[in-house]
Amino acid sequence: MTNLVVSIRHPHRAAADDAGTAVSELYGQHWRGLVRLAVLVIDDRQTAEDIVQEAFAQLYRRWPLKDSDKALAYLRTIVLNASRSALRRRRVARLYTPPHQAPQDSAESTAVLGEERLEVQRALQSLPTRPREVLVLRYYLDLPFDEIAQILGISASTARATASRGLTALTKKLKEVR
């Protein structure tokens, strides 16, 4: 049985001194073995040392334990649980795939692209209605000529011919702008 000296003036300091002494003794005796245990579980010495250090800090905060003889078992449990948690975090981190992000264009290229789109839209608006409709259905909605013909109430060959003439006119208008 150990004698516990409690100071009347500073009772918390006496308890802290007792905890510090007890945890320091356990640290000196069992640190190396606990690190070895953690290394065997997670295969990373630096993380293992961090886990063991945190285990001793938790023991210090919880001191005095109900049964001080079980302090080593308590430390081993903390080390094993923390090692398992570290492995789970690693596994989750490896499984995580960040969402795909398209490469960002420069502000200048975005402005140029926006201006080019506006030029195409203006040239498209200057076309007569039927060629404009055929080109929009074909190249913006990516519809086949059979479907375009059905939507507009014309034959498929007329839709093809209208698209060809419309592209020629659109190309001519865009060359004039540039």
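Before reading on, note that the structure itself is shown above.
Residues numbered from 1 in each chain as written. Predicted model: local features only at pLDDT ≥ 70, side-chain atom pairs only at ≥ 80, totals over all residues. Heavy atoms only, no water.

## Considerations on the packing of aromatic side chains
Reasoning step 1: Taken as a whole and assessed by the stated rule, the structure comprises 2 aromatic pairs.
Reasoning step 2: Arranged with centres 4.9 Å apart and planes meeting at 70°, the rings of Tyr27 and Phe56 form a pair that is edge-to-face. Taken as a pair, Tyr27 in helix α1 (residues 11-42) and Phe56 in helix α2 (residues 45-62) lie far apart in primary sequence, 29 residues in all.
Reasoning step 3: Residue Tyr27 is classed as partly exposed on the basis of its relative accessible area, which comes to 32%.
Reasoning step 4: Three or more aromatic residues joined by ring pairs make a cluster, and in this case those are Tyr27, Trp31 and Phe56.
Reasoning step 5: Above the ring of Phe145, the side-chain terminus of Arg138 is found at 4.5 Å from the ring centroid. (Phe/Tyr/Trp six-rings, centres within 6.5 Å; stacked < 30°, edge-to-face > 60°. Helix = DSSP H or I, 4+ residues; strand = E, 2+ residues; numbered from the N terminus. Buried < 20%, exposed > 50% of the residue type's maximum accessible area, 1.4 Å probe, protein only. Lys NZ or Arg CZ within 6 Å of the ring centre and 35° of its normal.)

## Looking at the packing of helix α4 (residues 107-125) against helix α5 (residues 129-140)
Reasoning step 1: One can describe the packing of α4 onto α5 by two numbers: an axis separation of 10 Å at closest approach and a directional angle of 140°. Between α4 and α5, the residues in contact are Val120, Leu124 and Gln125 and Arg132, Leu135, Val136 and Tyr140, respectively.
Reasoning step 2: In terms of residue class, the contact of α4 with α5 is built from 5 nonpolar, 1 polar and 1 charged. (Axes fitted to C-alpha atoms, helices over the stretch in contact; angles between N-to-C directions. Contact = heavy atoms within 4.5 Å. Nonpolar A, V, L, I, M, F, W, Y, C, P; charged D, E, K, R; others polar.)

## Details of the nonpolar core
Soluble globular proteins tend to bury their nonpolar side chains together.
Reasoning step 1: Counting residues in hydrophobic clusters, the biggest one holds 21 residues, and the most contacted among them are Val52, Phe56, Leu59, Trp63 and Val79.
Reasoning step 2: Elements with a minimum of two residues in this core: α1, α2 and α3 (71-95).
Reasoning step 3: Counting residues per element, this core draws most heavily on α1, at 8 residues.
Reasoning step 4: Residues contacting Val52, with those up to four places away along its chain left out, are Trp31, Leu34, Val35, Ala38 and Val79.
Reasoning step 5: Ranked by size, the runner-up nonpolar core spans 17 residues in total, among them Ala123, Phe145, Leu152 and Ala159. (Core = buried A, V, L, I, M, F, W, Y, C linked by side-chain atoms within 4.5 Å.)

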